[in-house]
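Architecture and fold: a report
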Amino acid sequence: MDGILVLNKPKGLTSHDCVFKVRKILKTKKVGHTGTLDPEVTGVLPICIGKATKLVEFLTAEQKTYIGEVTIGFSTTTEDQTGEVVEKKEVTEPISQEKIEQVLKELTGEIEQTPPMFSAVKINGKKLYEYAREGKVIDRPSRKITIYDLFLTSDIKHENDTLKFLFEVSCSKGTYVRTLAVQIGELLGYPAHMSLLTRVASGNFKIDQAITLEELEDLMVNDKVDSVLVPMEKALNSLPKLEISDTVAEKVQNGAVLPFPEEFAGEAEYFSVFHNNACLAIYMKHPTKPGLMKPKKVFHGQDSGF
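In what follows, the accompanying structure is described. (Residues numbered from 1 in each chain as written. Predicted model: local features only at pLDDT ≥ 70, side-chain atom pairs only at ≥ 80, totals over all residues. Heavy atoms only, no water.)

1. Quick look at the environment of R140
Along the chain, R140 turns up in the loop between α4 (128–133) and β10 (143–152). A relative accessible area of 24% means that R140 is categorised as partly exposed. Residues R140 and K289, 149 residues apart in the sequence, show an inter-C-alpha distance of 33 Å. (Helix = DSSP H or I, 4+ residues; strand = E, 2+ residues; numbered from the N terminus. Buried < 20%, exposed > 50% of the residue type's maximum accessible area, 1.4 Å probe, protein only.)

2. Focus: the packing of aromatic side chains
If you walk through the whole model with that rule in mind, you get two aromatic pairs. Ring centres of F58 and Y270 lie 5.2 Å apart, and the angle between their planes is 85°; on these two criteria the pair is classed as edge-to-face. Placement of the pair is F58 in helix α2 (residues 56–60) and Y270 in strand β17 (residues 270–275), with a sequence separation of 212 residues. Its relative accessible area of 12% is what places Y270 among the buried residues. (Phe/Tyr/Trp six-rings, centres within 6.5 Å; stacked < 30°, edge-to-face > 60°.)

3. Observations concerning the nonpolar core
Residues V22, I72 and V169 are the most contacted members of the largest nonpolar core, which totals 48 residues. Not counting residues within four places of it along the chain, the set of residues in contact with V22 comprises L5, K27, V31, I47, I49, L213 and L216. In this structure, V230, A235, L236 and Y270 belong to the second largest nonpolar core, which totals 21 residues. (Core = buried A, V, L, I, M, F, W, Y, C linked by side-chain atoms within 4.5 Å. Contact = heavy atoms within 4.5 Å.)

4. Considerations on the pairing of strand β19 (residues 292–298)
As judged from the two bridges shared by strand β16 (residues 258–259) and β19, these two strands associate in the antiparallel manner. In the sheet register, L258 faces β19, and the bridge partner there is M293. When strand β18 (residues 278–285) meets β19, the two strands line up antiparallel, connected through five bridges. Within the sheet, the bridge partner assigned to A281 lies in β19 and is V298. Counting the residues in the hairpin turn of β18 and β19 gives six residues, including G291, whose phi is positive at 85°. (Pairing = 2+ DSSP bridges.)

5. Topic: a negative patch on the surface
Judged by side-chain charge, E214, E215, E217 and D218 come together as a negatively charged surface patch. Position of E217 among the secondary structure elements: in helix α6 (residues 213–221). The exposure class of E217 is partly exposed, given its relative accessible area of 42%. (Patch = residues over 30% accessible without salt bridge, like charges linked within 9 Å, V, L, I, M, F, W, Y side chains within 5 Å. Areas by Shrake-Rupley, 256 points an atom, 1.4 Å probe, with all protein chains shown as cover. Salt bridge = Lys/Arg side-chain N within 4 Å of Asp/Glu carboxyl O. Lys, Arg positive; Asp, Glu negative; His and termini not counted. Charge placed at Lys NZ, Arg CZ, Asp CG, Glu CD.)

Below, the structure is given as structure tokens:
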């Protein structure tokens, strides 16, 4: 049983909870998720099964797409709807659609974010949420992330001195969408928080492919789990693909450093190396030797992969 299961994560479970439940349903220990979702967040959570766990780090790095709701008018300790209110400012005047769209445009591209205190980022060997639970707020470094697309997807609702609207965002690894909601509020001149979030895509995996834990249990009972597992080679479709000859394939299987292909200049950080329709390895630009590439992970040969 090897491949990627596209799970529709329910509200109330951590990503680790989902891995535990999948292990129990499938009766296998080799299970790993590809990017943490907060307990209150629902949607696409690709889970690697069996040999596909070798792909976790590459799938985790892929672009994600979310549909979220921002509430303008008050901020919270956690930057989402689960936290305690920190600051309030009544929205007494309407904010135009044009103004909101202008702010979303300003936040598109490469921007900086400071990880929220209620997050799993480690500072001095300790997770930020552990400090937060002790009532401590500590300095944490900002990070650069990329917002590929960010746009309004609903009407603007004005209720109880707050304002709410839905947005869709496609972003890079490391983006905190709840922090993005706070940043939207700041540019509009108000405290804000994220009041709803669903991940609708992770790399090539979409929400319409996703199945629930209950559906997985039914498939297991009827011995049909293989019908929903995405093959490992197909899971790598989002990476640039390099086809190689028999001669080069032997070198790849031995983990050789090779000339970097000119056609991949400016491409993604990693790319897959295929021979006879099989993925032999994932390569990357050599960090210290310009014009060369080195294996990040070899799947056949020395590393006995797929």
